[in-house]
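One letter stands for each residue in the lines below.
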Amino acid sequence: MSTPMLVAEGVRKNFGDSEVLRGIDLTVGRGEVMCLLGPSGSGKSTFLRCVNHLERLDGGLLHVDGELVGYRRDGEVLHELRPREVASRRAHIGMVFQRFHLFPHMTALENVIEAPRRVRKQSGEAASARARELLARVGLADKADAYPSQLSGGQQQRVAIARSLAMEPKLMLFDEPTSALDPELVGEVLTVMRDLAASGMTMVVVTHEIAFAREVADQVIFMDGGVVVESGPPDEVLTRPRHERTKSFLGKVI
Amino acid sequence: MSTVPELRTDPASSPVPGPAPAIKPLRHPVRAACGVLALLCLAGVVWSVAKNPNLEWHTVGQYLFHERTLSGLGVTLYLTVVCMLIAVVGGTVLAIMKLSDSFLLRTIADGYIWLFRGVPLVVQLIFWGFLGAFYQRLTIGIPLTDVVFYSVETNTLVTATVAAVLALGLNGVAYAAEIVRGGIAAVDAGQREAAYALGLTPAQTMRRIVLPQAMRVIVPPMGNEVITMLKMTALVSIIAGNDLMTNLQSIYSMNFKVIPLLMVACVWYLALTTALTFGQRYLERRFGRGTTAPRGGFGARAARTTGGEQA
Ligand SMILES: Nc1ncnc2c1ncn2[C@@H]1O[C@H](COP(=O)(O)OP(=O)(O)OP(=O)(O)O)[C@@H](O)[C@H]1O
Ligand SMILES: [Mg+2]
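About the cut-offs
- Residues numbered from 1 in each chain as written.
- Chains lettered and ligands numbered in written order.
- Predicted model: local features only at pLDDT ≥ 70, side-chain atom pairs only at ≥ 80, totals over all residues.
- Heavy atoms only, no water.
- UniProt positions renumbered as here; feature names shortened; annotations may be inferred.
- Salt bridge = Lys/Arg side-chain N within 4 Å of Asp/Glu carboxyl O.
- Helix = DSSP H or I, 4+ residues; strand = E, 2+ residues; numbered from the N terminus.
- Contact = heavy atoms within 4.5 Å.
- Buried area = accessible area lost by both parts, 1.4 Å probe.
- Polar contact = N/O pair within 3.5 Å; in protein donor to acceptor, adjacent residues only side chain to side chain.
- Nonpolar A, V, L, I, M, F, W, Y, C, P; charged D, E, K, R; others polar.
- Pairing = 2+ DSSP bridges.
- Axes fitted to C-alpha atoms, helices over the stretch in contact; angles between N-to-C directions.
- Near = heavy atom within 4 Å.
- Areas by Shrake-Rupley, 256 points an atom, 1.4 Å probe, with all protein chains shown as cover.
- Core = buried A, V, L, I, M, F, W, Y, C linked by side-chain atoms within 4.5 Å.
- Buried < 20%, exposed > 50% of the residue type's maximum accessible area, 1.4 Å probe, protein only.

- If you check an unreviewed UniProt entry, chain B appears there as Polar amino acid ABC transporter permease from Streptomyces violaceusniger.
- Recorded in UniProt under Subcellular location (unreviewed entry), the annotation for chain B is "Cell membrane".

- As annotated in an unreviewed UniProt entry, chain A carries the name ABC-type polar-amino-acid transporter and comes from Streptomyces violaceusniger.
- The UniProt entry for chain A carries the following text under Subcellular location (unreviewed entry): "Cell membrane".
- Note on chain A: under the UniProt heading Catalytic activity (unreviewed entry), the record states "a polar amino acid(out) + ATP + H2O = a polar amino acid(in) + ADP + phosphate + H(+)".

Take a look at the structure:
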């Protein structure tokens, strides 16, 4: 059996005195889509940020594609990596944010080619050609020269997805990618994500879109208070939840 | 049920037939009167200055492009450009130090700003001018040993111009640092995270993502700094720097044509300030890229405050 794409073992994270993650264990196989549900403040975003080392762990281990995130193991000692090494590992993990975070001083095309050019040192032509393909793939071939402020929220989020895909990530993290969108724009972003899942991308998606989770996820995880309360295939967790907290949460969301 | 058609006939809510009514803007008679009064006062002042025989327009004309005026102008421009370069580069370094995670670097940056902002510029100028009285020789070597790589008489290295550059430049660094820090802090933290998540290093993120956006906030106050710097170069007359003001002063101390030569100074300083204002406007447009689109969203507010147009 090949190594899973993401393995979390007892991941802990504190902010000051508050324990935000209190031992998260989970595994995401290659090509799998995992949806992460949970009430506000349960630590979903914090967990995603730990996965690409935007937050430092206070305990436990995270492996992406068999490699430790943020550390190098030397026997029983974990050495924190240099910023440059952290950066080069992050380059294999895509992340899409709730509020898009496109670079406002760059056009859609410039947003997409920035990392391939600076991190992968690709030539301008090669990066641009690839970027145009990706923009076409998310349905924005005609918006290459638009600035983010000239795009709708849904269009901005699709550019953000194209920007992540340009680095050819092994794993994509989505943190409530549709929560900042007007209802009529949610569909276009979910369509892009559905296609991405169908193409075999490994994805971890924090979302409140239960219908999307039911349709696309291989595995659904319900988190509350910094722990995994319940996990399993969407049919089980979403249709016949075993825990009271999951039931009451789903009752509110659906 | 019968009230509904009655409401429909209400003249205020029913569309008016015929041509659309003309709009008559509100008049502001008091505002207009004040404007006219101010204009009259201004005209009076300009008239009385222009007709004042002590102004000696022909003397102004004679000295406007005088050799010493132009050489002084050259020195003033040189001082402004060099000192501002030092201020911007040093200020950026200091701002990054101030925002670093290292307590030591932050404290050093704070100490620098505290010292160079706290001591009056005149004192700093005189101090650098008299550095030779403090250190007779400047020496580069290994401390506590006899190894010396380079040694020089202070006064041959730190000339009046060098002293002026040091004083104005190092002082400018402290002010520029605060401006740059404010600009960097104004960039949304999400921008940095997005760049990191793509695999950019901290240095690339700063250079490619954070600083270009910070520029929008930095340019207007930095423009003020340049103009202030231009005028502060007049202070170097204290340690004799051959700048525009020093040269004009030395001319009028010989021929006593104080007012016309001050007029020459006004004309040149105003001309330079005007040119700088245009330069600033260009930079504001250049760095306002992408923030001035007609659509709402996160660029809309910045678009209103910079008032530039689509690049
Ligand atoms: N940088 C930080 N400093 C201090 N506390 C933080 C920080 N980031 C998150 N927290 C706290 O950690 C807890 C979990 O936050 P997190 O953003 O992970 O929740 P979430 O599950 O993503 O919630 P939401 O659905 O609202 O996005 C919250 O109580 C939050 O206040
Ligand atoms: Mg969150």
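Having seen the model, we can carry on.
## Observations regarding the pattern of salt bridges
Residues and elements named next belong to chain A.
Then comes step 1: Applying the stated criterion to the full structure yields 25 salt bridges over all chains.
Then comes step 2: A salt bridge links R56 to E80; its shortest N-O distance comes to 2.9 Å. On the criterion of sequence distance, the pair formed by R56 in the loop between α1 (44-51) and β4 (59-64) and E80 in strand β7 (residues 77-80) is long-range, its members being 24 residues apart.
Then comes step 3: E215 is paired through a salt bridge with R194; the nearest N and O atoms lie 2.9 Å apart. On the criterion of sequence distance, the pair formed by E215 in helix α7 (residues 210-216) and R194 in helix α6 (residues 183-198) is long-range, its members being 21 residues apart.

## Overview of the interface of chain A and chain B
Then comes step 1: Residue-level contacts link 34 residues of chain A with 27 residues of chain B.
Then comes step 2: Around 2700 Å² of area is buried between chain A and chain B when both sides are counted, 58% of it from carbon and sulfur atoms.
Then comes step 3: Taken together, chain A and chain B are joined by four salt bridges.
Then comes step 4: In this structure, the salt-bridge partner of R208 of chain B is E114 of chain A, at a minimum N-O distance of 2.7 Å.
Then comes step 5: Put simply, chain A and chain B have nine residue pairs in polar contact (both at pLDDT 80 or more) between them.
Then comes step 6: Among the secondary structure elements, those contributing two or more residues to the side of chain A that touches chain B are α2 (83-90), β8 (93-96), α3 (108-118) and α5 (153-165) of chain A.
Then comes step 7: When its residues are assigned to classes, the side of chain A that touches chain B shows 17 nonpolar, eight polar and nine charged.

## What about the sheet that holds strand β1 (residues 6-15) of chain A?
Residues and elements named next belong to chain A.
Then comes step 1: Ordered by their spatial adjacency, four strands build an open sheet running β2-β1-β4-β5, and the pairing between neighbours is antiparallel. Strands with a single pairing partner mark the edges of an open sheet, and in this sheet they are β2 (18-28) and β5 (67-68).
Then comes step 2: Bridge analysis of β4 against β5 gives two bridges, and the strand direction is antiparallel. Within the sheet, the bridge partner assigned to V64 lies in β5 and is E67.
Then comes step 3: Along the sheet face, α1 touches β1, β2 and β4 and points at about 65 degrees away from the line of β2.

## What to know about the pairing of β7 of chain A
Residue and element names in this part refer to chain A.
Then comes step 1: The sheet contact formed by strand β6 (residues 71-74) and β7 spans four bridges and is antiparallel. Following the sheet pairing, D74 is matched in β7 by V77.
Then comes step 2: Hairpin geometry of β6 and β7 is characterised by an intervening segment of two residues between the two adjacent antiparallel strands and by a positive phi of about 65 degrees at G75.

## Notes on the UniProt feature "domain: ABC transporter" (unreviewed entry) in chain A
Then comes step 1: When the UniProt feature table is mapped onto this chain, "domain: ABC transporter" (unreviewed entry) is found at residues 6-250 of chain A.
Then comes step 2: Annotation note: span residues 6-250 of chain A, helix share 37%, strand share 28%, distance between end C-alpha atoms 26 Å.

## Some details on the site of ligand 1
All names here are of chain A.
Then comes step 1: Every residue near ligand 1 is listed here: F15, V20, P39, S40, G41, S42, G43, K44, S45, T46 and E176.
Then comes step 2: In this structure, S40 approaches ligand 1 through a side-chain N or O atom, which is 2.6 Å from an oxygen atom.
Then comes step 3: The contact in question runs from an oxygen atom of ligand 1 to an N or O atom on the backbone of S42, over 3.2 Å.
Then comes step 4: Burial of ligand 1 by the protein chains amounts to 56% of its free accessible area of 640 Å².
Then comes step 5: With three residues, the single largest contributor to the shell around ligand 1 is α1.

## Some details on the nonpolar core
All names here are of chain A.
Then comes step 1: In terms of nonpolar packing, the biggest core is built from 51 residues, with I161, M172, F174, M193 and M203 touching the most fellow members.
Then comes step 2: Take this core: its biggest share by element is eight residues, from α6.
Then comes step 3: What M172 contacts, discounting residues up to four positions off in sequence, is G94, V96, I161, S164, L165, L196, M201, T202, M203 and V204.
Then comes step 4: Of all hydrophobic cores here, the second largest spans 40 residues; its members include L6, F47, F103 and L171.

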